[in-house]
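Coordinate inspection notes
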Amino acid sequence: MPRKKSVPWNGLLPKVVVRVPGPKARKIVARDKRVMSPSYTRAEPIVASDGWGCYVRDVDGNIFLDFSSGMFVLNYGYSHPRLISAVERQLRKLTHFAGTDFYYEAQVTLAEMLIRITPGRFEKRVYFGNSGAESVEAAFKCARWHTRRPRMLSYVGGFHGRTFGAMSLSSTNVLHHRYFAPLVPGVSFLPYPYCYRCPFKLEYPGCGFACIDFIKDMLRKVIPPEEVAAIITEPIQGSSGYIVPPPEYFKVIKEEFCDKYGWLFIVDEIQTGLGRTGKMFAIEHWKVIPDIVCVAKALAGGIAPIGATIARAEVMNWEPGAHASTFGGNLVACAAAIEGLKLLKEEKLVERAAKLGRVMLRRLTDLAERSRLIGDVRGKGLLVGIELVKNKRTKERAIKERNAVVQRALDKGLLIFRGGKSVIRLAPPLTITRQELDLGLDLFEEALREVERKC
Ligand SMILES: Cc1ncc(COP(=O)(O)O)c(C=O)c1O
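Below you will find a few notes about this structure. (Residues numbered from 1 in each chain as written. Predicted model: local features only at pLDDT ≥ 70, side-chain atom pairs only at ≥ 80, totals over all residues.)

**Some words on the overall build of the chain**
In terms of regular secondary structure, the chain is built from twelve helices and 15 strands. Seen through its principal axes, the chain has C-alpha atoms that stretch 60 × 60 × 45 Å. Relative to its full complement of 455 residues, the chain shows a buried share of 49%. Considering only contacts within the chain whose residues lie at least 6 apart along the sequence, 75% involve residues at least 24 apart. (Helix = DSSP H or I, 4+ residues; strand = E, 2+ residues; numbered from the N terminus. Buried ≥ 20, exposed ≤ 12 C-beta atoms within 10 Å, placed from the backbone. Contact = placed C-beta atoms within 7 Å.)

Shown next as structure tokens:
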């Protein structure tokens, strides 16, 4: 499919010919139910067929403008021709030899690129896995191995994956934990600075950082600080609804705890990294240098699975055999990731995310003032959360209304994603044009208005 810049797919706009699931989709969903694990949570009954740019088409011919980037993976859009060519070249050359038991130039090149773009001008090392969860597993194991300390700190509402280690660090949904115990021991959860719904019922900035005092109290009463290996955090909580901590927050964590007690600072940039927030890594908004960075999702632009864990060299100092994976750093995935990082630089996609993100945030903030349902709009770059409430004063969550807005948007050909309890997450591809961004926001506004008229 030829790629025409700034023009929607074949000159078409989003088009809904039949409400999802259409007849073809229904048949596939029925077959799916007979053979696939019932553990998958399906966001919408969409059966995807093909995609281009910011658009995805389903098997019944509906065309959706995707404001979720295929679950925050397709930062370069669907079927980017440069990524496809890079992958085709690699497919013809070599796809696999013998895992990480041998050496490959593509892995080294990608590692060099990742080292250059992650914060901190010091020597680093890179571990490749196949997913976000594996990238977090590697960070968790590396932190224990390096520090020889048994405990980990994580945040309430954080999501880091579904393997045992990553899930033990996660706390978005009790379903992720139910009947799986015992989990990896030694993990304690801290309150995340969710200022719109402060866990201490206080208001920033007059709160005096009660959430930091809470951690100090835990260190006096429950957790010996010298036993803590690391603290892991998403710089902006993703699954919980794009919660953005206040500007000073991570500096305080780094200086008052990590530096003081020798804890490693691990950032999970799996959803927020690689330009999404208008900086290469979201943690840069807080001007804090992490010891370990986890990336996955957008790294190979959705073409092949890959995850990477990038750490200070003196931290990732484990011995041969301590950790590895047959497919980690697969050559096809590396080729896509290398091309993606080149694209990010050459097409100035990080700057673009910052610029278009300002447009998106401004427009939604204006909309919030005129809307009965929008309680909070927050985010950075092309990652914006919209929290819906029944009442702006009591902040009672508008869960049914949020679901109705997502459904109305889908009926209009706009694909948006839920988060938290009553949040809508907007995260279009970084390659989106201004026209497409405006169009998506128009459709979102229409969907919201229709729901508001009914409630
Ligand atoms: C912040 C974050 N960390 C980790 C993960 C897990 O990634 P994966 O599903 O690739 O294992 C996700 C997935 O949604 C995520 O959003």
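Having seen the structure, we can now continue with the description.
**Notes on the nonpolar core**
Membership of the largest hydrophobic core comes to 130 residues, with the highest contact counts inside it found for Ile-266 and Ala-336. Two domains each provide a minimum of three residues to this core, namely domain 1 (9-66 + 348-454) and domain 2 (84-346). Once residues lying within four places of it in the same chain are set aside, the contact partners of Ile-266 are Ala-139, Ala-143, Ala-230, Ile-231, Ile-232, Pro-290, Asp-291, Ile-292 and Cys-294. (Core = buried A, V, L, I, M, F, W, Y, C linked by C-beta atoms within 7 Å. Domains from an automatic or database assignment.)

**Examining the sheet that holds strand 1 (residues 48-52)**
Spatial ordering of the open sheet is given by 1-2-3-13, a layout of four strands whose pairing is mixed. Unpaired on one side and paired on the other, strand 1 and strand 13 (414-415) mark the two borders of the sheet. Here strand 1 pairs with strand 2 (residues 55-58) via four bridges, running antiparallel. Within strand 2, the position partnered with Asp-50 by the bridge is Arg-57. (Pairing = 2+ DSSP bridges.)

**Focus: the site of the ligand**
Taken together, 14 residues sit near the ligand, with Ser-131, Gly-132, Ala-133, Gly-161 and Ile-270 positioned nearest. Element by element, the count of residues in the shell around the ligand is highest for helix 5 (residues 132-147), at three residues. Grouping the constituent residues of the shell around the ligand by class yields five nonpolar, seven polar and two charged. (Near = placed C-beta within 6 Å. Nonpolar A, V, L, I, M, F, W, Y, C, P; charged D, E, K, R; others polar.)

**Considering the environment of Ile-303**
Along the polypeptide, Ile-303 turns up in the loop between strand 9 (292-295) and strand 10 (307-312). The class for Ile-303 is buried, based on 23 C-beta atoms found within 10 Å. As for Ile-303 and Glu-284, which are separated by 19 residues in sequence, their C-alpha atoms are 27 Å apart. Ignoring any residue separated from it by four or fewer positions in sequence, one finds Ile-303 in contact with Leu-83, Val-87 and Ala-336.

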